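# Remarks on the overall topology
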Amino acid sequence: MSPPEELGEALGYRFVDPELLQLALTHSSFAAEAIGEPDNERLEFLGDAVLGLAITTKLYAEYPELAEGMLAKVRAAVVNEQSLARVARHLNLGEHLRIGRGEDSSGGRDKASILSDTLEAVLGAVYLDGSYHEAERVVLSLFGEMADRQATNPGREDYKTRLQELLAQSGVRPRYESSASGPDHERSYAVQLYIAEEAVATGQGSSKKAAEQEAARSALEQLGNEKTGA
């Protein structure tokens, strides 16, 4: 099975134009090394809008009791970088990325920022290749359960607070150590989480806060307090 077919199967969508999917998987670092090769940034812009509309429509239709402010918070918890990256990892999206050699050698295939942007580009490609209806169906298959969990349990995605509350029962506080890398316009943060001076989890993100949340989520999963998945 070819990479496009494999990814299409994971998405539950068969592309009519495989070149459109290839474009969605092309990071700017690859395009910079291949003269004349376009990147996926315009598709990412389109996919971000498709994703936002699909989740907004679902929340509006299915949760009439939620006020506008809460709807916005729930949507933000579903479509943020870390949530997108987790879904992208579930799809093994990193294996199919077209990225530059330097980005590849520095772990770009698992960077939350790259994975989340690429997933948005893929959704934009589904929209152009098929229709909004098809794109919405793919979005809901990937994010529908997450949206339902967040809508019925607001605050669930605040992993740092949940971890702190869990550890407080035994009088222990988590400690986060962070480091940053990359140019100012594409900063990446890595966080190491310690519990009782033992390194238990790591997290990555385009902001220190996002990286800490990812590390806390990973720690909760290890402690059996968090079920993850798309």
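Quick notes on the rules
- Residues numbered from 1 in each chain as written.
- Predicted model: local features only at pLDDT ≥ 70, side-chain atom pairs only at ≥ 80, totals over all residues.
- Heavy atoms only, no water.
- Phe/Tyr/Trp six-rings, centres within 6.5 Å; stacked < 30°, edge-to-face > 60°.
- Buried < 20%, exposed > 50% of the residue type's maximum accessible area, 1.4 Å probe, protein only.
- Lys NZ or Arg CZ within 6 Å of the ring centre and 35° of its normal.
- Helix = DSSP H or I, 4+ residues; strand = E, 2+ residues; numbered from the N terminus.
- Polar contact = N/O pair within 3.5 Å; in protein donor to acceptor, adjacent residues only side chain to side chain.
- pLDDT = per-residue confidence, 0-100.
- Axes fitted to C-alpha atoms, helices over the stretch in contact; angles between N-to-C directions.
- Parallel < 35°, antiparallel > 145°, perpendicular 65-115°, else oblique.
- Left-handed = near helix turned anticlockwise from the far one by under 90°.
- Contact = heavy atoms within 4.5 Å.

### Describing the packing of aromatic side chains
- Applying the stated criterion across every chain yields a total of one aromatic pair.
- Measuring from centroid to centroid gives 5.0 Å for Tyr13 and Phe15, while their planes differ by 90°, and the two rings are edge-to-face.
- For Tyr13, a relative accessible area of 9% translates into the label buried.
- Over the ring of Tyr176 we find Lys160; its NZ or CZ atom is 5.0 Å from the centre of that ring.

### A short note on helix H6 (residues 81–90)
- Most of H6 is tucked away, with eight of its 10 residues classed as buried.
- For H6, the complete set of buried residues consists of Glu81, Gln82, Ser83, Leu84, Ala85, Arg86, Val87 and Ala88.
- Where H6 starts, the residue carrying a side-chain oxygen 3.1 Å from the main-chain nitrogen of Gln82 turns out to be Asn80.
- A positive backbone phi angle near 60° is found at Asn92, which sits one or two residues after H6.

### Thoughts on the confidence of the model for the protein
- Across the protein, the average pLDDT comes to 89, with 94% of residues at or above 70.
- Helix H4 (residues 41–62) holds the highest mean pLDDT among the elements of the protein, 97, whereas helix H1 (residues 3–11) holds the lowest, 81.

### Some thoughts on unusual backbone geometry
- For Ala196, which is not glycine, the phi torsion reads 55° and is therefore positive.
- Locating Ala196 in the fold gives a position in the loop between strand S2 (188–195) and strand S3 (198–205).
- Residue Ala196 is classed as exposed on the basis of its relative accessible area of 59%.
- Its identity is not glycine, yet Glu197 carries a phi of approximately 65°, on the positive side.
- By the element assignment, Glu197 lies in the loop between S2 and S3.

### A word on the packing of H4 against helix H5 (residues 68–78)
- Where H4 meets H5, the closest approach of the two axes is 10 Å, and the angle between their N-to-C directions is 135°. It follows that H4 is oblique to H5 by the angle criterion. For the pair H4 and H5, the crossing hand works out as right-handed. Along the contact surface, H4 presents Gly52, Ile55, Thr56, Leu59 and Tyr60, while H5 presents Leu71, Val74, Arg75 and Val78.

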